[in-house]
Amino acid sequence: MVLAGCGSRSGAGITRGTHMSTRSISLTDALYDYLLSVSLRESELQRRLREETAANPMSRMQISPEQGQFMALLARLIGARRCIEVGVFTGYSSLAVALALPADGRIVACDVSEEWTAVARRYWAEAGVAQKIDLRLAPALETLDSLLAAGDGGSFDFAFIDADKTNYLGYYERVLKLLRPGGLVAVDNTLWTGRVADPEVADPDTVALRHFNERLHHDDRVDLSLLPVGDGLTLARKK
Ligand code: CA
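Below is a summary of the structure that appears in this document.

## A word on empty space enclosed by the protein
Gaps left between atoms show up when a probe the size of a water molecule is rolled over them. Counted by the stated rule, this structure contains one cavity of 30 Å³ or more. What the largest cavity holds in volume is close to 40 Å³. Taken together, C83, I84, E85, S94, V97, I107, F158 and F160 form the lining of the largest cavity. Sorting the residues of the lining of the largest cavity by element identifies β1 (82-86), α4 (92-100) and β4 (156-161) as the ones contributing at least two each.

## Structural notes on the side chain of Q62
The topology assignment puts Q62 in the loop between α2 (44-54) and α3 (65-77). For Q62, a relative accessible area of 15% corresponds to the buried category. A distance of 3.3 Å separates polar atoms of two side chains, one belonging to Q62 and the other to T53. With residues near it in sequence (within four places) discarded, Q62 still touches L49, R50, T53, F89, T90 and Y92.

## So, the coordination of the calcium ion
For a metal with four donors in a tetrahedral arrangement, the ideal angle between donors is 109.5 degrees, while six donors in an octahedron ideally sit at 90 or 180 degrees. Protein-derived ligands of the calcium ion are D162 (OD), D162 (OD), D188 (OD) and N189 (OD1), with the metal-ligand distances lying across 2.3 to 2.8 Å. Donor residues binding the calcium ion come from one chain and are separated in sequence as D-x25-D-N. With D162 in the loop between β4 and α7 (168-178) and N189 in the loop between β5 (179-188) and α8 (204-217), this residue pair connects regions lying 27 residues apart in the sequence. The class for D162 is buried, based on a relative accessible area of 13%. Judged by its relative accessible area of 10%, N189 is buried.

## What to know about the pairing of β1
Burial runs high along β1: four of the five residues are buried. Across five bridges, the pairing between β1 and strand β2 (residues 106-111) is parallel. Looking at β2, one finds that V86 is bridged to C110. Viewed along the sheet, the connection from β1 through α4 into β2 turns out right-handed. Bridge count between β1 and β4: four bridges; the pairing is parallel. By the bridge assignment, I84 is partnered in β4 with A159.

## Quick word on the nonpolar core
By size, the foremost hydrophobic cluster in this structure holds 29 residues, and its most contacted members are C83, V97, I107, A109, W124, I133 and F158. Residue contacts for F158: discarding those within four places in its chain leaves M71, L74, I78, A80, R82, C83, I84, V97, L179, L184 and A186. With 28 residues, the next largest nonpolar core counts A140, V196, L209 and F212 among its residues.

## Some thoughts on the packing of helix α1 (residues 29-39) against α3
Helix-helix packing is characterised by the crossing angle of the two axes and by the distance between the axes. Contact geometry of α1 with α3 gives a least axis separation of 11 Å together with a crossing angle of 45 degrees. Our classification of the angle between α1 and α3 gives oblique. The handedness of the crossing between α1 and α3 is left-handed. Along its contact with α1, which presents Y32, L35, L36 and S39, the element α3 presents P65, E66 and Q69.

## What to know about the packing of aromatic side chains
In the structure shown here, the tally under the stated rule is three aromatic pairs. On the basis of an interplanar angle of 75 degrees and a centroid distance of 5.5 Å, the ring pair of Y168 and F212 is categorised as edge-to-face. Taken together, the residues Y168 in helix α7 and F212 in helix α8 connect sequence positions 44 residues apart. Each of the two residues, Y168 as well as F212, counts as buried. Aromatic pair Y172 and F212: ring centres 5.6 Å apart, planes at 90 degrees, arrangement edge-to-face.

## Thoughts on the side chain of K238
Here K238 is to be found in strand β7 (residues 233-238). Buried within the structure, K238 lacks any salt-bridge partner; its nearest side chain of opposite charge belongs to E173, at an N-O separation of 9.7 Å. At 2.6 Å, the side chain of K238 forms a polar contact with the backbone oxygen of L179. When sequence neighbours within four positions are dropped, the list of residues in contact with K238 reads L176, K177, L179, R180, P181, G182, G183, R221 and V222.

The rules behind the values
Residues numbered from 1 in each chain as written. Predicted model: local features only at pLDDT ≥ 70, side-chain atom pairs only at ≥ 80, totals over all residues. Heavy atoms only, no water. 1 Å grid on protein atoms, 1.4 Å probe; cavity = no way out; pocket = protein on both sides within 12 Å on 5 of 7 lines; lining within 4 Å. Points joined across faces, edges and corners; volume = space filled by probe spheres on them. Helix = DSSP H or I, 4+ residues; strand = E, 2+ residues; numbered from the N terminus. Buried < 20%, exposed > 50% of the residue type's maximum accessible area, 1.4 Å probe, protein only. Polar contact = N/O pair within 3.5 Å; in protein donor to acceptor, adjacent residues only side chain to side chain. Contact = heavy atoms within 4.5 Å. Donors = N, O, S within 2.8 Å, 3.2 Å for Na, K, Ca; no water. Pairing = 2+ DSSP bridges. Right-handed = clockwise from strand over helix to strand, strands pointing away. Core = buried A, V, L, I, M, F, W, Y, C linked by side-chain atoms within 4.5 Å. Axes fitted to C-alpha atoms, helices over the stretch in contact; angles between N-to-C directions. Parallel < 35°, antiparallel > 145°, perpendicular 65-115°, else oblique. Left-handed = near helix turned anticlockwise from the far one by under 90°. Phe/Tyr/Trp six-rings, centres within 6.5 Å; stacked < 30°, edge-to-face > 60°. Lys, Arg positive; Asp, Glu negative; His and termini not counted. Salt bridge = Lys/Arg side-chain N within 4 Å of Asp/Glu carboxyl O.

Take a look at the structure:
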């Protein structure tokens, strides 16, 4: 258990953990705004997509802009060319990653919603990355199985899983087969607004995410990190 071990408990105005560096910092609204103000490099097009999506009743399914920027950086760091996205929604994450890929980079993008991905397609086209994105409108388990059946195992560099939580393990197992050694999978919502740590919460999505997190903790096929970015972002690198 990591607890604050520094800082004074008695000094006036100094609370335990004031200089806490043994755990991740909590973001107040002001600090979050500051973080964005000194690091976000979002294009005007990306901002428009984010604002259009904010009007959607399901807008909380959109990743945060700093997470999109982080994933684009990850894709560049590993030299990604072939990517998979499970759960497109209105396309913010795929747009961010596509912009970071080289000209011959490709994303197989899996979703079941014609309506939401129509928004994504509009922005991919406007950004000039539509030719990099192969949208597959079908249940993602079927699309991933068809890639494996076509002999594409071991050929992908980067994957992002952000879809129905009860299928996460099924997506993960297939994606792991599709990744090359050294390939990276990022998995969204693994802290689930804190519900995973609340034993009172037992809905199917929360239970599935807990099970997923526990399985990955002991999965020695991957190097692992769970980051408190966005709603929890798990990174697993295939060994
Ligand atoms: Ca998500």
